[in-house]
Amino acid sequence: MCPQTKSKTLAESRDLALLEVAQNPLVSSAELSWPALENLVQAMNKLQRNGSGEISEREERFLQQLRNKVLWRLGDGPIAPRSLEVEFAEVFRQIGEIEEVGSPNIKVILHIEELARKIYSENHPAQEYLENWISARPISKAQDSQRAGSPATALCCVDEHSRTLTDKWLRDENLFADSIRYKDLRKAEPYIYCVLFGSPSRYAGWRNKKPRSDFKTQWLLTSPPAGEVLILRWSPHVAVRTDLIGPWEGFSFCLDNETTVERHFIPETIEFFENQQRSQPPTFGSQLHEVSARRFELAGPEESLWAFFSDELGPRPRLYRSVDDDLLDSRTSSVTQGQVLVFTSSEVANEKLDAEAARLWAQHSDYGDYKSIKGTVDKYRGQIRDSIIELGLENFVRQLVRRGLAEAYSKGVAERMLHLDQLAPREFKSTTAVCNAASVPEAATFYGLVTKVRAARQQAGRALKDQLLSQFASETSEVALESLATNGYVEFEFPGWGKIFLAQVLETGTQHVRVPYERLGKLVTSQGATWLE
Amino acid sequence: MALANTRSGPEGYAAQNSRAGTVSDSPISPDWFTEMSKVANELENSVGERHTSCVFAPPTNEYFALAFALSAVGRSAKKAEQAPEPGTRVATVLSDNSGGRFVDKDYRLSDRENTKISLDWVAIESGSEPPMVELPMGLERLGKMPFGDGIESHLKNENNFPLERDREMAKRKERWGFFELCKAPVVVLASRNHQAAERLNELTAQDFGWTPNQLATAASAGTSPEDWYRSPLLVLSPRALKSRAWVSHARASVVVALGMAPWLSKSRWLWPAVPHVLFLDPRSENPGDITEFREWWPGRDIGWSESKFARFKGVPGIPAKVFDEKVKSVSADEIEDLG
């Protein structure tokens, strides 16, 4: 007879939670374009199939190294090519050897080398895409679930090395998401959102051949590990075989038809470049709150203007993409020459954000008055900032490290809290560490309030972005936008928004410079004065 | 819809018990459970050479297979039983002041007119015969075992009877009703049978509108072939059936296989007359249930059934299919090698 065990409640049943998810799975896919990688795969295939005569053993080894150690890894998550320094170095070393001994295929191999070096210097397109995707997920769903307080999104990698690299990137970017191995995802409690890299069959392991690999991993779509699953693909990922999905032949499975194809931004030709009056970059005297930032020279009405963006702090560069009329909050390191940046008055933008957040708050929650709760949150933040100033940044970082946070992460968190750059860390553990280090009591209360305020502000941010885009769609705006291609800049006056300025990037600074924190994300003249405020 | 209304009522004492009321007056059975209960109770037994089978692919298999198994408790009561042959050993149930107990006795006809029966030479008053079933050939004895609190606590509803004598009779009839279900138990084949059986308590913690018999079943589920006739539900390892030829003579009401390993073993064909139900675990690995099922399917002498259940497409999240196979049998030699 079976032994008696402690009963579980409905809320604790993983089986029922998985069933709930499986009853209405939302599966969509997005394809990213990575031209250099696509060209590389083509060149490798060309070498493999149409090389001049036989491919030598040495060439075979080199192709294997590139395919299995580099391309496979780059396909297993938003992994920065630069983090694969050793693997790339081995590829280049092998190419060197082939060059030395000579090969009838040397032309193709050198082309492959050129493309591999290009890839090594580029950012992974999935990083930028995921930053926006993760931030755009409504937090309200997570708050209502068992996952409240822990990451709602999981990024699924095949192996531990990819997971570690992905996790590092998530932490560096301060993104509130989990990285998880496929084999752990099988046993995990369901997430709200999950991102798969490539077709599910890729997770079956290299020993599994089709269609076995599709059968084995089809649960990722039919009984998914999250309410919403995104299949993110880029070269050389293969497409999903929907006919092999399901427990038996004839099972009807429909991948969301709304497949998005996200193309990497291709810089437009800068025709005005030579006519533009260039100016000297501004210099700033030594200031109390200086931060490291990248410098961007922008087209301006009389002479060029300047903008500074930090990799970690302050506002992010907001790109206007004429190809699909969209606004995209980009990573600072991803901004390239020819792209168009959008600037609004930060004062107006902040006021609008607060007003919109308060409006959404009143509509969708019964937590009380937004302004008074935001005020309470700001009071806590002020106490934390005062404590950082009092202890000194380095001491405060040491306090965080002592409480179990990684050193690099602690430095970023301390800087952001000092400059009131974020409401609080996204993870409860980190917020508790910050509160304890700053001797601020009631970390749990603070965290609870921050989570709610953050959700409201994120939703408000999205709503404001849509409002701004709708202004661009007006006829007068469309005419004005045409002058962007010839002048390199355009200025609008939108009702309720005040002045909006769009400018093409003339040059990106390769060196980091020290600038006052309050200048981050703002238009600055060559004299160092802010413009548009 | 209430679970009790979705199922054909079993006959005899079991039916009385079943109708005695669900745990709650308005149980909240989820749709998937209501649909699964319909299949569990209406799957037809095999006719001629064709055998009825059914496959489910829920997100995980243990939990949902056991929900199905519990909802199938009561199928057995539908089939009329033959009276035991005099001179045979029977399994039955006795009651006294300390409660009910499972026993096995020698069954005889004791008077000259051959109208009264006796169990181990103790004459039973006419009209007071407990339900009984012949022990299958090869199973000599089972011994005795008390019902225990696990069963008794769910069965007793003596508060409905003001008189002591009536209360005793009511309790006795409930025990008899429960034993009727034990005559042909639901057999779950699972490689890790103990682990699976432990999850029954998880299920009954949910308000799915369980009947007292189902709750008592969950509390008493057997995990060894020697628990036959002592619970309406047995969760067995296919390996445990090895060298026990008598099991092929013991009746089951339905066979549930947890995953492809027990499905592919010959064990399920020990009971070819009753439906076989397969629960796939889509998350299983090496090579995985779905892989094995999709590779097992082609070339089989099977087809989707044209029975009324062909219309049953499963509920969202739990795809299901009913199909038929050619009946197979297991020889005595094969029973020796089971597992």
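Residues numbered from 1 in each chain as written. Chains lettered and ligands numbered in written order. Predicted model: local features only at pLDDT ≥ 70, side-chain atom pairs only at ≥ 80, totals over all residues. Heavy atoms only, no water.

K.L.:
Honestly, the overall build of chain B in this entry has me stumped. Any pointers?
P.N.:
Helix and strand counts for chain B come out as 12 helices and 14 strands. The buried share of chain B, reckoned over its 339 residues, is 57%. Residue pairs at least 24 apart in sequence account for 72% of intrachain contacts in chain B once pairs closer than 6 positions are excluded. (Helix = DSSP H or I, 4+ residues; strand = E, 2+ residues; numbered from the N terminus. Buried < 20%, exposed > 50% of the residue type's maximum accessible area, 1.4 Å probe, protein only. Contact = heavy atoms within 4.5 Å.)

K.L.:
Please explain unusual backbone geometry as it appears in this structure.
P.N.:
The phi torsion of most residues other than glycine is negative, and most of the peptide bonds are trans. The omega angle of the peptide bond from A:Ser235 to A:Pro236 is 5°, so this bond is cis rather than trans. Note on placement: A:Pro236 falls in the loop between β5 (226-233) and β6 (260-262). In this structure, the amide linkage connecting B:Asn286 to the following residue, B:Pro287, adopts the cis form with an omega of -10°. With respect to the helices and strands, the residue B:Pro287 is situated in the loop between β11 (276-279) and α11 (289-296). Phi is positive for A:Leu420, which is not a glycine, with a value near 50°. In this fold, A:Leu420 is placed in the loop between α15 (407-418) and α16 (428-437). Since its relative accessible area comes to 32%, A:Leu420 is described here as partly exposed. The residue B:Asn286 is not glycine, and still its phi comes out positive at about 50°. As for its position among the elements, B:Asn286 is in the loop between β11 and α11.

K.L.:
I tried to follow the packing of helix α13 (residues 370-391) of chain A against helix α17 (residues 443-472) of chain A on my own but got confused; where do I start?
P.N.:
Geometry of a packed helix pair, given as the angle between the helix axes and the separation of the axes. All names here are of chain A. As a packed pair, α13 and α17 sit with axes 10 Å apart at the nearest point and diverge in direction by 120°. Our classification of the angle between α13 and α17 gives oblique. Viewed along their axes, α13 and α17 form a crossing whose handedness is left-handed. Listed contacts from α17 to Tyr370, Ile373, Lys374, Thr376, Val377, Tyr380, Arg381 and Ile384 of α13 are Thr445, Phe446, Leu449, Val450, Val453, Ala456 and Arg457. Among the residues forming the contact of α13 with α17, the class breakdown is 10 nonpolar, two polar and three charged. (Axes fitted to C-alpha atoms, helices over the stretch in contact; angles between N-to-C directions. Parallel < 35°, antiparallel > 145°, perpendicular 65-115°, else oblique. Left-handed = near helix turned anticlockwise from the far one by under 90°. Nonpolar A, V, L, I, M, F, W, Y, C, P; charged D, E, K, R; others polar.)

K.L.:
Can you walk me through the domain arrangement of chain B in this structure?
P.N.:
Often, the extent of an interface is quoted as the loss of accessible area upon association of its parts. All names here are of chain B. Along its sequence, chain B is organised into domain 1 (9-79 + 184-337) and domain 2 (89-178). Of the residues lining the interface, 20 residues belong to domain 1; the matching set on domain 2 comes to 23 residues. Both faces considered, domain 1 and domain 2 share a buried interface measuring about 1800 Å² in area, 70% of it formed by carbon and sulfur atoms. Taken together, domain 1 and domain 2 are joined by zero salt bridges. Applying the counting rule to domain 1 against domain 2 returns two residue pairs in polar contact (both at pLDDT 80 or more). Listed by contribution, the elements that provide at least two residues to the side of domain 1 that touches domain 2 are α2 (12-19) and α9 (212-220). Per-element accounting of the side of domain 1 that touches domain 2 gives the leading share, seven residues, to α9. (Domains from an automatic or database assignment. Buried area = accessible area lost by both parts, 1.4 Å probe. Salt bridge = Lys/Arg side-chain N within 4 Å of Asp/Glu carboxyl O. Polar contact = N/O pair within 3.5 Å; in protein donor to acceptor, adjacent residues only side chain to side chain.)

K.L.:
Help me out: how do you make sense of the interface of chain B and chain A in this one?
P.N.:
Contacts between chain B and chain A engage 43 residues on the former and 35 residues on the latter. Interface of chain B and chain A: buried area, both sides summed, is about 3400 Å²; carbon and sulfur atoms make up 57% of it. Here A:Lys216 makes a salt bridge to B:Glu285, at a shortest N to O gap of 3.9 Å. Linking chain B with chain A are six residue pairs in polar contact (both at pLDDT 80 or more), by the criterion used here. When residues of the side of chain B that touches chain A are traced back to their parent elements, those giving at least two are α4 (62-71), α7 (193-198), α8 (200-204), α9, α11 and β14 (318-326) of chain B. By residue number, the principal contributor to the side of chain B that touches chain A is α11(B), which donates five residues.

K.L.:
Explain α9(B) to me, please; I cannot follow it from the model alone.
P.N.:
An α-helix turns once every 3.6 residues. As a result, residues three or four positions apart point the same way. Burial runs high along α9(B): nine of the nine residues are buried. Regarding α9(B), the residues found buried are B:Pro212, B:Asn213, B:Gln214, B:Leu215, B:Ala216, B:Thr217, B:Ala218, B:Ala219 and B:Ser220.

K.L.:
Would you explain the packing of aromatic side chains in this entry?
P.N.:
How two aromatic rings sit relative to each other is given by the distance of their centres and the angle of their planes. Counted under the stated rule, the structure contains 36 aromatic pairs over all chains. Ring plane angle 25° and centroid distance 5.0 Å describe the contact between A:Phe492 and A:Phe494, whose orientation is recorded as stacked. On the basis of relative accessibility, which here comes to 7%, the residue A:Phe492 falls in the buried class. On the accessibility criterion, A:Phe494 (6% relative accessible area) is buried. Three or more aromatic residues joined by ring pairs make a cluster, and in this case those are A:Trp248, B:Trp263, B:Phe293, B:Trp296, B:Trp297 and B:Phe323. The aromatic ring of A:Tyr203 is capped on one face by A:Arg202, whose charged end is 5.0 Å from the ring centroid. (Phe/Tyr/Trp six-rings, centres within 6.5 Å; stacked < 30°, edge-to-face > 60°. Lys NZ or Arg CZ within 6 Å of the ring centre and 35° of its normal.)

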